[in-house]
Amino acid sequence: ADSGKLVYTLRGHEGPVQSAAFSPNGKSAVTLSDDLTAKIWQVESGQCLYTLHGHVRNLLSAIFSPDGQFVLTASADRTAKMWCADSGECLRTLEGHGGQIWSAVCS
């Protein structure tokens, strides 16, 4: 970051990337795209570790939990999903919102 030089271009989404966030330890990143997926990346290598499938409308937000163990995604499909950051497995789908979920926040 000190040099301002491009380190990696993360390629793999089939649509525009709308957002990105780093894990608390800076070793991973999550991106979300109009292709209805989120991806977890290894920052050091630029390798895609997991592609998170399951939302049926655009993803609007994604964030790591404070301990870096989980990723929370929020979608226009009126669901939020909690994913294991170490396996890419969907652990829980949170339903019941009356409209799209604009932001994911973890505490």
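Residues numbered from 1 in each chain as written. Predicted model: local features only at pLDDT ≥ 70, side-chain atom pairs only at ≥ 80, totals over all residues. Heavy atoms only, no water.

(A) How the structure looks around the sheet that holds strand β2 (residues 28-33). Taken in spatial order, the four strands line up as β1-β2-β3-β4 in an open sheet, and their pairing is antiparallel. Each having just a single partner strand, β1 (17-22) and β4 (48-52) make up the two edges of the open sheet. Strand-to-strand twist of the sheet, defined as the mean angle between neighbouring strand axes without regard to direction, takes the value 20 degrees. Bridging between β2 and strand β3 (residues 38-42) involves five bridges; their strand directions are antiparallel. From the neighbouring strand, Ala29 faces β3, where its bridge partner is Trp41. (Pairing = 2+ DSSP bridges. Helix = DSSP H or I, 4+ residues; strand = E, 2+ residues; numbered from the N terminus. Axes fitted to C-alpha atoms, helices over the stretch in contact; angles between N-to-C directions.)

(B) Layout of the sheet that holds strand β6 (residues 70-75). What the four strands build is an open sheet, ordered β5-β6-β7-β8; its pairing is antiparallel. If you trace the sheet from one side to the other, it starts and ends with β5 (59-64) and β8 (90-94), each paired once. When strand polarity is set aside, the average angle formed by the axes of neighbouring strands in this sheet is 15 degrees. Relative to strand β7 (residues 80-84), β6 runs antiparallel, the two being bridged by five bridges. Residue pairing in the sheet places Leu72 in a bridge with Met82 of β7.

(C) The arrangement of a nonpolar patch on the surface in detail. A grouping of Val7, Tyr8 and Leu10 is seen on the molecular surface, where their side chains present a nonpolar patch of about 280 Å² in accessible area. In this fold, Val7 is placed in the segment before β1. On the basis of relative accessible area, Val7 is assigned to the exposed category, the value being 65%. (Patch = residues over 30% accessible without salt bridge, like charges linked within 9 Å, V, L, I, M, F, W, Y side chains within 5 Å. Areas by Shrake-Rupley, 256 points an atom, 1.4 Å probe, with all protein chains shown as cover. Salt bridge = Lys/Arg side-chain N within 4 Å of Asp/Glu carboxyl O. Buried < 20%, exposed > 50% of the residue type's maximum accessible area, 1.4 Å probe, protein only.)

(D) Quick peek at the side chain of Lys81. Tracing the backbone shows Lys81 in strand β7. Asp77 provides the closest opposite charge to the buried, salt-bridge-free Lys81, at an N-O distance of 5.8 Å. Ignoring sequence-local partners within four residues, the contact set of Lys81 consists of Gly54, His55, Val71, Leu72, Thr73, Cys90, Arg92 and Thr93. (Lys, Arg positive; Asp, Glu negative; His and termini not counted. Contact = heavy atoms within 4.5 Å.)

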